[in-house]
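In case you want the letters, here they are:
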Amino acid sequence: MKKTLSISAFLAMALGSPLLTAAELPAGLKWQSNLHEPLFASPQAKFGGTFHTYIESFPQTFRTVGPDSNGRFRSWLLDSRPAAVTRHPNTYAWIPDIASEWAYGDDDKTVYFRINPNAKWSDGKPITADDFTFVLTFMRSKDIVAPWYNTFYNQQIEDVIKYDDLTFAVVSAEKRNAEELILYANLRPIPAHFYQPKTDKNNDGIQDNFVRYYNFKPEPSAGPYYVDEIKKGKSISFKHVGKDWWGYTNPYYQHRYNVEKIRIKVIRDKDIARQHFEKGDLDSFWLDTPELWREKAQTPNFENGYIHKFWGYNQTPMGAGGLWINTAKPLLDNLDVRQGIALASDFDGLIDKVLRGDVIRKPNPMGIGHGDYTNTDIKAPPFNPELAIQHFEKAGFSQIGPDGIRVNQQGQRLSFAITYSYGYLTPQIAYLKEQAKLAGLEFTLNLVDGSSAFKYVLEKKHELSFHNMGTSEIPQYWEYFYSANANKPQNNNFTNYSTPELDRLILAYRSEFDLEKKKAEARQIQSIIADASVIVPGYMRPYAREAYWRWLQIPKPAMTKLTEFLFPSGTFQDFGTFWIDESRKKETKAAMKSGRHFEPVTIVEEEYKL
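1. Comments concerning the overall build of the protein
And step 1. In terms of helices and strands, the protein carries 18 helices and 25 strands.
And step 2. For the protein, whose C-alpha radius of gyration is 25 Å, the value lies close to the compact-globule estimate of 25 Å for 610 residues.
And step 3. Principal axes of the C-alpha set define a box for the protein whose edges measure 85 × 70 × 45 Å.
And step 4. Across the 610 residues in the protein, those meeting the buried criterion constitute 57%.

2. Concerning the pairing of strand β4 (residues 99–104)
And step 1. By the bridge criterion, 5 bridges tie β4 to strand β5 (residues 110–115) in an arrangement that is antiparallel. Paired with Glu101 across the strands is Arg114, a residue of β5.
And step 2. Between β4 and the antiparallel strand that follows it, β5, lie 5 residues; Asp108 among them carries a positive phi value of about 60°.

3. As for empty space enclosed by the protein
And step 1. Throughout the structure, instances matching the rule amount to 6 cavities of 30 Å³ or more.
And step 2. Considered as a void within the structure, the largest cavity measures approximately 100 Å³ in volume.
And step 3. Considering the residues around the largest cavity, the lining is formed by Phe62, Arg63, Thr64, Leu77, Arg81, Tyr195, Phe210, Tyr214, Lys217, Pro218, Glu219 and Val227.
And step 4. Considering only residue class, the lining of the largest cavity consists of 7 nonpolar, 1 polar and 4 charged.

4. Here we look at the environment of Leu464
And step 1. Along the chain, Leu464 turns up in strand β19 (residues 464–468).
And step 2. Residue classification places Leu464 among the buried positions, given a relative accessible area of 0%.
And step 3. When the C-alpha atoms of Leu464 and Thr495 are compared, they prove to be 8.7 Å apart, with 31 residues separating the residues in sequence.
And step 4. Among all residues touching Leu464, those that are not within four sequence positions of it are Leu323, Trp324, Ile325, Leu332, Ile341, Phe416, Ala417, Ile418, Thr419 and Phe443.

5. Details of the nonpolar core
And step 1. Ranked by size, the top nonpolar core spans 130 residues in total, and within it Phe113, Phe138, Phe238 and Ile341 carry the most contacts.
And step 2. Per-element tally for this core: the top contributor is helix α3 (residues 129–139), with 7 residues.
And step 3. Counting 28 residues, the second largest nonpolar core, distinct from the first, contains Met366, Tyr373, Tyr477 and Ile535.

6. Some words on the pattern of salt bridges
And step 1. Per the stated rule, a full pass over the model turns up 25 salt bridges.
And step 2. Overlapping salt bridges bring together Asp68, Lys455, Glu459 and Lys461 as one network.

7. Observations regarding the packing of α3 against helix α4 (residues 147–155)
And step 1. Contact geometry of α3 with α4 gives a least axis separation of 8 Å together with a crossing angle of 125°. It follows from the interaxial angle that α3 and α4 lie oblique. Contact residues: α3 offers Val135, Leu136 and Met139, while α4 offers Tyr149, Asn150 and Tyr153.
And step 2. Among the residues forming the contact of α3 with α4, the class breakdown is 5 nonpolar, 1 polar and no charged.

8. Side note on the side chain of Asn491
And step 1. With respect to the helices and strands, the residue Asn491 is situated in the loop between α15 (478–481) and α16 (500–511).
And step 2. A polar side-chain atom of Asn491 sits 3.0 Å from the main-chain amide nitrogen of Asn493.
And step 3. When near neighbours in sequence (up to four residues on either side) are disregarded, Asn491 contacts Leu458, Lys460 and Asn485.

9. A word on the pairing of strand β22 (residues 543–549)
And step 1. Within β22, 7 of the 7 residues are buried, which leaves it mostly tucked inside the rest of the structure.
And step 2. Neither face of β22 is exposed, since Tyr543, Arg545, Ala547 and Trp549 on one face and Ala544, Glu546 and Tyr548 on the opposite face are all buried.
And step 3. Both strand β11 (residues 284–286) and β22 contribute to a ladder of 3 bridges, which runs antiparallel. Along β22, the bridge assignment pairs Ser284 with Tyr548.
And step 4. With 7 bridges connecting them, strand β12 (residues 307–313) and β22 associate as antiparallel partners. Counted as the bridge partner of Lys309 is Ala547 from β22.

10. A look at the sheet that holds β4
And step 1. On the basis of which strands lie adjacent, the open sheet formed by 4 strands has the order β4-β5-β7-β6 and antiparallel pairing. Among the strands making up the open sheet, the edge pair consists of β4 and β6 (157–164). Across this sheet, the average inter-strand angle for adjacent strands is 20°, counted without regard to direction.
And step 2. As paired elements, β5 and strand β7 (residues 167–172) share 5 bridges and run antiparallel to each other. Note that in β7 the partner of Val111 across the bridge is Val170.
And step 3. Against the sheet, helix α5 (residues 178–185) engages β4, β5, β6 and β7, with an angle of about 50° to β5.

11. Focus on helix α12 (residues 385–394)
And step 1. Within α12, burial applies to Pro385, Ala388, His391 and Phe392. Looking straight down α12, one finds that the buried residues subtend no more than 115° of arc, so they occupy a single side. Opposite the packed face of α12, turned more than 90 degrees from it, sit the exposed residues Glu386, Gln390 and Lys394.
And step 2. Of the surrounding elements, those touching the buried residues of α12 are α10 (335–344) and β16 (406–407).
And step 3. At the C-terminal side of α12, Gly396 shows a positive phi close to 100°.

12. Re the sheet that holds β19
In a beta sheet, neighbouring strands are held together by backbone hydrogen bonds and run either parallel or antiparallel to one another.
And step 1. Here we have 5 strands laid out as an open sheet, ordered β18-β17-β19-β13-β20, and mixed in their pairing. In the strand order of this sheet, the two ends are held by β18 (442–447) and β20 (535–537), each with one partner. Pairs of neighbouring strands in the sheet enclose a mean axial angle of 25°, with direction left out of account.
And step 2. Sheet topology note: the strand β13 (residues 321–325)/β20 ladder contains 3 bridges and is antiparallel. Across the sheet, the residue bridging to Trp324 is Ile535, located in β20.
And step 3. Lying on the sheet, helix α13 (residues 426–436) is in contact with β17 (415–420), β18 and β19; it crosses β18 at an angle near 165°.

13. As for the packing of aromatic side chains
And step 1. Tallied over the entire structure, the rule returns 55 aromatic pairs.
And step 2. For the ring pair Trp245 and Tyr253, a centre distance of 4.9 Å and an interplane angle of 70° mean the geometry is edge-to-face.
And step 3. The exposure class of Trp245 is buried, given its relative accessible area of 2%.
And step 4. The class of Tyr253 is buried, set by a relative accessible area of 6%.
And step 5. Seen in terms of ring centroids, Trp311 and Tyr313 are 5.9 Å apart; in terms of plane orientation they differ by 25°. Their pairing is stacked. By the burial criterion, Trp311 is buried, and Tyr313 matches it.
And step 6. Put simply, the rings of Phe134, Phe138, Phe194, Tyr195, Phe210, Tyr213 and Tyr214 pair up and form one aromatic cluster.

Rules used throughout
- Residues numbered from 1 in each chain as written.
- Predicted model: local features only at pLDDT ≥ 70, side-chain atom pairs only at ≥ 80, totals over all residues.
- Heavy atoms only, no water.
- Helix = DSSP H or I, 4+ residues; strand = E, 2+ residues; numbered from the N terminus.
- Rg over C-alpha atoms; globule rule 2.2 N^0.38 Å.
- Buried < 20%, exposed > 50% of the residue type's maximum accessible area, 1.4 Å probe, protein only.
- Pairing = 2+ DSSP bridges.
- 1 Å grid on protein atoms, 1.4 Å probe; cavity = no way out; pocket = protein on both sides within 12 Å on 5 of 7 lines; lining within 4 Å.
- Points joined across faces, edges and corners; volume = space filled by probe spheres on them.
- Nonpolar A, V, L, I, M, F, W, Y, C, P; charged D, E, K, R; others polar.
- Contact = heavy atoms within 4.5 Å.
- Core = buried A, V, L, I, M, F, W, Y, C linked by side-chain atoms within 4.5 Å.
- Salt bridge = Lys/Arg side-chain N within 4 Å of Asp/Glu carboxyl O.
- Axes fitted to C-alpha atoms, helices over the stretch in contact; angles between N-to-C directions.
- Parallel < 35°, antiparallel > 145°, perpendicular 65-115°, else oblique.
- Polar contact = N/O pair within 3.5 Å; in protein donor to acceptor, adjacent residues only side chain to side chain.
- Arc of directions from axis to C-beta.
- Phe/Tyr/Trp six-rings, centres within 6.5 Å; stacked < 30°, edge-to-face > 60°.

Dropping the structure here:
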């Protein structure tokens, strides 16, 4: 069902208002476009070529909502896809995306948008205000089986109003300060024409068996790339819409997303993927571990200048993460057990000895980089087995078993499994396991492959889960700690922890208008979570570190404050500023055959190093 008028407009008409036959824009709006921010792509970029990369497991669905949709491949389908507006990656000013202009209402609840008239979906259909009003129809439907989205779009967004095909407004359910209001109003459109239901017995505008019907049907894209070919279990290909992509009428998109195709092969083993990279079958490779950056980047291809190395720092906000402790599992509801686990988890030693100091300890379990929202008084617990023992003994684990692991009077061993998703993490978890023995704590290793691992954790089957989450510009807590999500599968309350005090604070935080009060509430929430010891802070990488064949070209400088990846190496979270130089590709391959060498290249950009 396409919505052409707001709910309030329909009500007014039903009550006999003589005024409304169509919504009318208020007078005196001050439209803005911020077209004078600095550009960050290179005019030297060339269009064309195919970029080859890999993923370690095939996605469980191509839906971006509903069961199993919150896996790693979701970023390929959502990130880098336009919303109404976006942030400039260096100045943080709002700049045009699908909307060319926007304006704030004087009610502290409404933001108005004018859509770029060139904007189209990848199937050629125009992007209109109907695709933004449809967001509410879609996200509020029970058929999508996405309770978080149902709740958010029912409780946080009051309305989306269409004024004409290219003009709409988003109305927040709460009054919000301008800094926060546009974050709530900045919707990503959903192609209404693609989701027209064939069966809709509940008449909510969405296909009744949505989850099954759309499981492997990727939707049209508003961005430059769309899913072109799927070989189930083997590979996925994205194709560029072409040089006439509507986004190139936006100056901030010019010279970006330059490759014509992206081919993603499923390679389940990272070492095998690296071998493919060294053969030139993959164009770039993420050098996330010390061994990859150092020893394994000393091959002839690096030394002869065929493959380049890049290390550039960023200032992106970091999300929550580390060891998520499932308090619904036996013994883990005990605070002393959790505090003992935190003190017996030697992340500092892991960083120093296994990761060679290449990463930084995350001080706050809920992440950092959110400005005054971040509670900087919170520090990660140090490795202290003696103090951990005191907590374990207080919890009743005062005896030592024959294998050195503590037991309580009921004969229960102090042993918990750590779930993780990639084999290359095994040495890291093994280090934690060995160090934990000093406190009489046993960690067992529970490697669950790729996308299945996140499903395992979403279903709350884990005891401890080692993973990090992304984050939004303003931190969110409802999904992680509100009681409605505890002890239920398929949501992000990975700890199953909640308290009445947290519930009250989280609701107050969500609706607080006063920015300073809101930030204070955020810091208080973080303090409670840290005291509950339900997430042991892990580590973070504030940089992009990659290897790439010399035919890939990057801007100078390549980094922005928000650059996480130079290339879509396993995710689509890059800014698409690189390009392929086919002449250098031919030159490189010819040189490799003839034995000609180039100077080795290692680029380090530290402008945004903190």
